[in-house]
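# Chain and residue survey
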Amino acid sequence: MSVDLYLPSTLDATICLKAKDINKSLDQNIAREIENQFGNTFRKAGYIRPGSTRLIKRSLCGKYNTSDFTGKLFIDVRFRCDIYLPKDGQQVEIRVRSINKIGILGVTENGKLTVMISKKYQEATPEVLNQVSVGQRVLVAIKHFKINGQNNTIVAIADLVEILEGVYQNYQ
């Protein structure tokens, strides 16, 4: 059950180009700078998938900062990218990483969403939770989430919906 967690979005930003990047391949340099600044990062909008940024529109003329002599040009851009931001109630497939007295900890395939299934506040019965093993894939429904920009992850609390498969022998 592979569900694409990313949604196409349009964002506005101001990027800074060095003087050496202001040449006849300006649009390619702007696209490269957008990818460098925004790809594989966490913003208020969510996690931006690397390699998904595409320049849509740019200002015709940029702005120079006249207080320094670096020759940097600030350009307003609009770009499209794939963003992941979970929604309450959304079902997500995770791989179980660890189990302890508090609950079950798992991550999505891309490793950007860490999910905690609390045993105390779980809707599933304890018998069902005891069937889960490290390395299994499980389907969960997100209750609440928080973007953790320092660790480059989104942390979520979820309910167990379904156990999808058995344990892998070589799971690490």
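Up top is the structure these notes are about.
Everything in this summary refers to the structure shown in the same document.

Between side chains of opposite charge, a pair can form when the charged atoms approach closely. Counting across every chain of the model gives six salt bridges. When the shortest N-O distance is used, the salt bridge between Asp-12 and Arg-78 registers 2.7 Å. Note that Asp-12 is positioned in strand S1 (residues 7-17) and Arg-78 in strand S6 (residues 73-84), a separation of 66 residues in sequence. The shortest N-O distance in the salt bridge between Asp-159 and Lys-143 comes to 3.2 Å. Of this pair, Asp-159 sits in strand S11 (residues 153-163) while Lys-143 sits in strand S10 (residues 137-148), placing them 16 residues apart in sequence.

Once that is clear, we can look at the environment of Ala-19. For Ala-19, the location among the structural elements is in the loop between S1 and helix H1 (26-38). Considering only alpha carbons, one finds Ala-19 and Ala-158, 139 residues apart in sequence, at a separation of 48 Å. Among residues more than four places away in sequence, those in contact with Ala-19 are Thr-70 and Gly-71.

If you look at the biggest cluster of nonpolar residues, it comprises 21 residues, and the most contacted ones within it are Tyr-84, Val-92, Leu-113, Val-115, Ile-117 and Val-140. Only strand S7 (91-99), strand S9 (113-118), S10 and S11 provide two or more residues apiece to this core. Setting aside chain neighbours within four positions, we find Val-92 in contact with Leu-5, Tyr-84, Thr-108, Leu-113, Val-138, Leu-139, Val-140 and Ile-142.

One closed barrel accounts for five strands, arranged S7-S8-S9-S11-S10; its pairing is mixed. Here the strands of the sheet are splayed against their neighbours by 50° on average, with no regard to which way each runs. In terms of strand pairing, S7 meets S10 through five bridges, oriented antiparallel. Bridge assignment links Gln-91 to a residue of S10, and that residue is Ala-141.

What follows is about unusual backbone geometry. Non-glycine residue Asn-40 carries a positive phi angle of around 60°. Its place among the elements puts Asn-40 in the loop between H1 and strand S2 (42-43). Overall, the relative accessible area of 38% leaves Asn-40 in the partly exposed class.

The next point concerns the environment of Arg-95. Within the secondary structure, Arg-95 is located in strand S7. Note: C-alpha distance between Arg-95 and Gly-106 (11 residues apart in sequence) is 5.2 Å.

Thresholds, definitions, all that
- Residues numbered from 1 in each chain as written.
- Predicted model: local features only at pLDDT ≥ 70, side-chain atom pairs only at ≥ 80, totals over all residues.
- Heavy atoms only, no water.
- Salt bridge = Lys/Arg side-chain N within 4 Å of Asp/Glu carboxyl O.
- Helix = DSSP H or I, 4+ residues; strand = E, 2+ residues; numbered from the N terminus.
- Contact = heavy atoms within 4.5 Å.
- Core = buried A, V, L, I, M, F, W, Y, C linked by side-chain atoms within 4.5 Å.
- Buried < 20%, exposed > 50% of the residue type's maximum accessible area, 1.4 Å probe, protein only.
- Pairing = 2+ DSSP bridges.
- Axes fitted to C-alpha atoms, helices over the stretch in contact; angles between N-to-C directions.

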